[in-house]
Amino acid sequence: MTVAVSILPEQQLDALNAAYNQAVARRRLRLLLGAVIFAGALVLAAIGAEVNLRTLFTYFGNFISYFDRILTLDSGQRVWTDVGEWLWGWRKWLKMLGETLLISYVGTLIGATFAFALNFLAAENTSPSPWLRFVVRRLLEFARTVPGIVFALIFVIAFGLGPMAGVLAIAIHSTGALGKLFSEIVENADMKPVEGIRSTGASWLSCMRFAVVPQVTAGYASYALLRFEINVREASVMGFVGAGGIGQELVVAIRKFYYSDVSAILLTIILTVFIIDITTGWLRGRLFGKEART
Amino acid sequence: MTGPQEIDTARIRARYPDVFDRPASARLAMPAMIVAAFAILVYGLVDLDFSPSRLFAGLSQLGWISLMMIPPDPGSSLPIYLKALGETLSIALLGTTLAAVFALPVSLLAARNVVPSKILRFPVRRFLDSIRGVDTLIWALVWINVVGLGPFAGVLAIAVSDFGAFGKLFSEAIEGADQKQVEGIRASGGSALHEIRFGLLPQVLPVIAGQVLYFIESNTRSATIIGIVGAGGIGLQLAEQIRVLEWQKVSFLILMILVAVAAIDFISGKLRFAIIGRRAVA
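Residues numbered from 1 in each chain as written. Chains lettered and ligands numbered in written order. Predicted model: local features only at pLDDT ≥ 70, side-chain atom pairs only at ≥ 80, totals over all residues. Heavy atoms only, no water.

Quick look at the overall build of chain A now. Of regular secondary structure, chain A possesses 11 helices and 0 strands. Radius of gyration (C-alpha) of chain A: 28 Å, far over the 19 Å computed for a compact globule of 294 residues. For chain A, the spread of C-alpha atoms along the three principal axes comes to 85 × 70 × 50 Å. Classification of the 294 residues of chain A by burial places 44% in the buried group. Within chain A, residue pairs in contact and separated by at least 24 positions form 72% of the contacts whose partners lie at least 6 positions apart. Carbon and sulfur atoms form 66% of the exposed surface of chain A, whose accessible area is close to 16,500 Å². In chain A, which carries 26 positive and 20 negative side-chain charges, the distance between the mean positions of the two groups comes to 4 Å. (Helix = DSSP H or I, 4+ residues; strand = E, 2+ residues; numbered from the N terminus. Rg over C-alpha atoms; globule rule 2.2 N^0.38 Å. Buried < 20%, exposed > 50% of the residue type's maximum accessible area, 1.4 Å probe, protein only. Contact = heavy atoms within 4.5 Å. Areas by Shrake-Rupley, 256 points an atom, 1.4 Å probe, with all protein chains shown as cover. Lys, Arg positive; Asp, Glu negative; His and termini not counted. Charge placed at Lys NZ, Arg CZ, Asp CG, Glu CD.)

In structure tokens:
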């Protein structure tokens, strides 16, 4: 069977063509306008950020040669030819790395605990009063918008140099970030169990404990693990402002131009981050897998 | 009729053994995990020199600091701060744009449906991962060594560290794209480049645009801090004022950051709706 393609009369076709062209032209104009505005913003930003392409081109060699230098030992050989010499400080670095991991672990757990306590107050469906909800939400927003390292700077002055400032900074930032994510999970939870429990005359706390928490724990654990991953990275730079961990060693190595140490410390940080990423990914898979089975 | 107290619990117990008589191992798993988690926490607190006296001394110190922060007051440095804020926004915008421009071609190389060979994809992915494993602040320090102190180092730091994140996100977006369009182009005799240009990009560009906008937003936050190591922007002012204990200026700067981030959130949210439609965002 053949299908005939109907050909419209010339007049009708012209009208349709005109309408089509007009629509396309309008879209193109909008796109062009957007592009022009964006380009304008970029130019303004380039002036604001003192971008100097000549500096970049003259010094771009430096960027390449920087990596060349950090991969060269004092003796002039490549770092991987003498691993013992390259990683000479591995005992100290591993200890600092352990401190970094501990900072992020403790910070994440404290943050997660506070977020757990607060998120039911911040979620739309479980909050006991809109007033409380508003206050808690603004509090969480504040905690996550102020960067962790700014908290660390202030805490170093209040609590003295050392990992305590780093832990508290990470804990506050995690409370803000996790509190929001947790409350979003709660908002997606099924409310029927809550009604069931409330109908038996249970208090608000019992409703949360027996109706909401069982639904949301897997999601909480998953987000907390993700946060731990992010916090390991964040804790690796807490030392820059004196808040403990491997960052302290790194900033000293960079500022004093101990080139091969820079690459050695960076290597240990990157490897640690890889291992943490893979482990938490595996754990998350197991947690969600378990949830899917029940 | 019998009352509710007549319910035969013994029979119900017998019928649903897994609800009423869970094995001890299942009942103990969760508490055991929680106890273990908090045991490590306690060990950490001891190892990291947490002592109640230090905590309370610090908290009272923190209380004093917060009192001294009120009211927020820029003094006579408001113009400097506004300029620094502009610098920060410029760093975020330029850094994100640069990262996106360079990440797009690389992300194609890391996507399973564009480069089927695992051996070719593997080094690209590990390369992106390594860049992502290094914090923005570290990149900032490296770039300061290369182009000197100032916001330009900040732009390059954001560009490099986001390059790693974008490469991963874009390649995931590309892998999620529908293959049918690409096959259609191939069937009509298009080359590999045509497949990407007309089959893939129209599908993924809105997704990518949404992600770039989201990153501009989150980079405003990152850009506020890279000044702490000397890479320009409002972080530089903030770190300086904290070091000289000018708490009123510190609180003013923090407020400025909060307002700026909220404004960028609002604008980029609107733009995202405009580009990819309200439904796709929600």
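Now that the structure has been shown, we can carry on.
Glancing now at the nonpolar core. In this structure, Ile154, Phe240 and Leu250 of chain A together with Trp143 of chain B are the most contacted members of the largest nonpolar core, which totals 134 residues. At 13 residues, helix H5 (residues 78-110) of chain B tops the list of elements feeding residues into this core. Apart from the residues within four sequence positions on either side, Ile154 of chain A is in contact with Leu62, Ile65, Met69, Ile242, Trp247, Val250 and Ile254 of chain B. (Core = buried A, V, L, I, M, F, W, Y, C linked by side-chain atoms within 4.5 Å.)

Another point: the pattern of salt bridges. Two side chains bearing opposite charge may form a pair once their charged atoms approach each other closely. All names here are of chain B. Applying the stated criterion across every chain, the model contains 14 salt bridges over all chains. Glu175 is paired through a salt bridge with Arg125; the nearest N and O atoms lie 2.9 Å apart. Note that Glu175 is positioned in helix H8 (residues 151-175) and Arg125 in helix H6 (residues 118-133), a separation of 50 residues in sequence. For Glu175, a relative accessible area of 23% gives the class partly exposed. Assessed through its relative accessible area of 27%, Arg125 is described here as partly exposed. Across the pair Asp265 and Arg221 runs a salt bridge, and its minimum N-O distance is 3.6 Å. Of this pair, Asp265 sits in helix H12 (residues 247-276) while Arg221 is found in helix H10 (residues 192-226), placing the two residues 44 residues apart along the sequence. With a relative accessible area of 29%, Asp265 lands in the partly exposed category. The class of Arg221 is partly exposed, set by a relative accessible area of 22%. Beyond isolated ion pairs, a larger network of salt bridges with shared partners links Arg112, Arg125 and Glu175. (Salt bridge = Lys/Arg side-chain N within 4 Å of Asp/Glu carboxyl O.)

This brings us to the environment of Thr55 of chain A. Secondary-structure assignment places Thr55 of chain A in helix H2 (residues 53-70). For Thr55 of chain A, a relative accessible area of 15% translates into the label buried. Along the primary structure Thr55 of chain A and Pro9 of chain A are separated by 46 residues, whereas in three dimensions their C-alpha atoms are 63 Å apart. Residue contacts for Thr55 of chain A: discarding those within four places in its chain leaves Phe60 of chain A together with Val147 and Phe152 of chain B.

Now for H5 of chain B. If you check H5 of chain B, its first and last C-alpha atoms are 46 Å apart, about what 33 residues at 1.5 Å a residue would give, namely 48 Å. Within H5 of chain B, the axis deviates most sharply at Leu104 of chain B, by approximately 40°, and proline Pro105 of chain B lies no more than four positions further along. (Expected span 1.5 Å × (residues − 1). Bend = angle between axes of the 7 residues up to and from the residue.)

Moving on to the packing of H5 of chain B against H8 of chain B. Think of two packed helices as two axes; the pair is described by the angle between the axes and how far apart they sit. All names here are of chain B. The N-to-C vectors of H5 and H8 enclose an angle of 40°; their axes lie 6 Å apart at closest approach. Viewed along their axes, H5 and H8 adopt a mutual orientation that is oblique. Between H5 and H8 lies a crossing of right-handed hand. Residues of the contact of H5 with H8, tallied by class, amount to 19 nonpolar, 6 polar and 3 charged. (Axes fitted to C-alpha atoms, helices over the stretch in contact; angles between N-to-C directions. Parallel < 35°, antiparallel > 145°, perpendicular 65-115°, else oblique. Left-handed = near helix turned anticlockwise from the far one by under 90°. Nonpolar A, V, L, I, M, F, W, Y, C, P; charged D, E, K, R; others polar.)

Turning our attention to the interface of chain B and chain A. Size of an interface: often given as the accessible area lost when the parts come together. In this complex, chain B contributes 62 residues to the contact, which on the side of chain A involves 61 residues. Summing the contributions of chain B and of chain A, the shared interface buries around 5,200 Å²; its carbon and sulfur component is 82%. In this structure, the connection of chain B to chain A is made through 0 salt bridges. Across the chain B-chain A interface, the total number found is 4 residue pairs in polar contact (both at pLDDT 80 or more). With 9 residues, the top contributor of residues to the side of chain B that touches chain A is helix H7 (residues 136-147) of chain B. (Buried area = accessible area lost by both parts, 1.4 Å probe. Polar contact = N/O pair within 3.5 Å; in protein donor to acceptor, adjacent residues only side chain to side chain.)

Here we come to the side chain of Asp135 of chain B. Looking at where Asp135 of chain B falls in the secondary structure, it is placed in the loop between H6 and H7. No salt bridge forms around the buried Asp135 of chain B; measuring N to O, its nearest opposite-charge neighbour Arg233 of chain A is 6.8 Å away. Within the structure, the side chain of Asp135 of chain B is placed 3.0 Å from the backbone nitrogen of Leu137 of chain B, a separation counted as a polar contact.

Geometric descriptors of this kind do not, in isolation, establish any biological role.
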